[in-house]
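What the coordinates show
Single-letter residue listing:
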Amino acid sequence: SGGEPLAQAGCLDLLAALVETGRLIQLETSGAFDIADVPAGVRRILDLKTPGSGEMEKNLIGNLALLTGGDEIKFVITGRHDYEWARAMIAEQALADLNLPILLSPAWGEIEAAELAQWLIEDRLPVRLHLQQHKHIWGGEAKGV
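Let me begin by describing the structure that accompanies this report.

Definitions and cut-offs
Sequence order sets the numbering: in each chain, residues are counted from 1 along the sequence as written. Side-chain atom pairs in this predicted model are given and counted only at pLDDT of 80 or more, local residue features only at pLDDT of at least 70, and totals for whole chains, interfaces and linings cover all residues. To obtain the side-chain values, all non-hydrogen atoms of the structure were included, while hydrogens and water were left out. Strand pairing is defined by DSSP finding a minimum of two bridges between the two strands. Secondary structure follows DSSP: runs of H or I at least 4 residues long count as helices, runs of E at least 2 residues long count as strands, and numbering of each begins at the N terminus. Whether two residues touch is decided by their heavy atoms; if any such pair falls within 4.5 Å, the residues are in contact. Orientation is described by lines fitted to C-alpha atoms, with helices fitted over the stretch in contact, and by angles between N-to-C directions that extend from 0 to 180 degrees. Burial here depends on accessible area, computed with a 1.4 Å probe over protein chains only, as a share of the maximum for the residue type. Under 20% is buried, over 50% is exposed, and the range in between is partly exposed. The pairing test for Phe, Tyr and Trp rings, Trp by its six-membered ring, is centres within 6.5 Å, and the orientation test on the planes gives stacked under 30 degrees, edge-to-face over 60, and tilted for anything in between. Salt bridge, as used here, is a side-chain nitrogen of Lys or Arg placed within 4 Å of a carboxyl oxygen of Asp or Glu. As used here, the arc is the angular range of directions from the helix axis to the C-beta atoms.

1. Some words on the sheet that holds strand β2 (residues 42–48)
With parallel pairing, the five strands of this open sheet are ordered in space as β1-β2-β3-β4-β5. Edge strands, defined here as strands with exactly one partner in the open sheet, are β1 (25–29) and β5 (128–129). Along the sheet, helix α2 (residues 80–92) makes contact with β2, β3 (72–77) and β4 (102–106), crossing β3 at roughly 155 degrees. Helix-sheet contacts for helix α3 (residues 113–123) involve β3, β4 and β5, and the interaxial angle to β4 is about 140 degrees.

So, in structure tokens, the structure goes:
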């Protein structure tokens with residue numbers, strides 16, 4: 001958690017070199033940077049920023065059209081307002097039609113996973129509940145894990 005890989009000099013070159021190893025390479029990006037030049041073979045996890053993040057205006061919605069098989073879309077939910085916003089984005093952008101995993105993750109310390117899960121069940125939203133496992137294992141303050 002933390003930091004935007006595509007803001008780092010040399011990130012695209014590093015990704016290209018990693019793809020050459022033949023391993024599965026995933027890039028989690030905030031979506032604030034154009035993903036058009038991310039090397040083929042890199043699976044992208046596009047983390048669309050919700051209103052509660054304070055960074056929603058940085059979303060490059062055009063990145064959604066660049067997603068392909070193996071990619072994912074993620075929303076970190078801080079409360080009901082974020083949930084409603086994400087639900088509307090899923091409908092307005094026809095994200096379910098992309099046939100990609102859509103992940104909704106409760107923001108650590110802001111909303112309980114059970115509450116978010118209940119909303120997903122009630123609305124039958126075509127998404128997965130995603131938990132920040134490292135925070136459940138080592139706690140929200142742990143660094144370097």
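Now that the structure is up, let's keep going.
2. What to know about unusual backbone geometry
For A94, which is not a glycine, the phi torsion comes out positive at approximately 50 degrees. Turning to its location among the elements, A94 is positioned in the loop between α2 and β4. Relative accessible area serves as the criterion here: at 31%, A94 is assigned to the partly exposed category. Of note, R124 is a non-glycine position whose phi angle comes to about 50 degrees, a positive value. With respect to the helices and strands, R124 occurs in the loop between α3 and β5. Note on R124: relative accessible area 72%, which makes it exposed.

3. Topic: the packing of aromatic side chains
According to the stated counting rule, one finds two aromatic pairs in the structure shown. Plain terms: the ring middles of F75 and W85 are 6.1 Å apart, the flat faces sit at 75 degrees to each other, and that makes the pair edge-to-face. In this pair, F75 sits in strand β3 while W85 sits in helix α2, placing the two residues ten residues apart along the sequence. Given a relative accessible area of 18%, W85 falls into the buried group. Taking the centre distance of 5.3 Å and the plane angle of 45 degrees together, the rings of Y83 and W119 count as tilted.

4. Describing the pattern of salt bridges
Going through the model one piece at a time under the given rule, you end up with seven salt bridges. For E28, the salt bridge goes to K74, with nearest N and O atoms at 2.4 Å. Placement of E28 in strand β1 and of K74 in strand β3 is noted, with a sequence separation of 46 residues between them. Looking at K74, the relative accessible area reads 7%, which means it is buried. E84 is the partner of R80 in a salt bridge, and the nearest nitrogen-oxygen pair spans 2.7 Å. Placement of both R80 and E84 in helix α2 is noted, with a separation of four residues, approximately one turn of the helix. With a relative accessible area of 34%, R80 lands in the partly exposed category.

5. Side note on α3
Among all positions in α3, only L116, W119 and L120 are buried. Looking straight down α3, one finds that the buried residues subtend no more than 100 degrees of arc, so they occupy a single side. Seen from the open side of α3, the exposed residues pointing more than 90 degrees away from its buried face are A114, I121 and E122. Residues of α3 that are buried in the fold lie against β3, α2, β4 and β5. Looking one or two residues beyond α3, the residue adopting positive phi is R124, at roughly 50 degrees.

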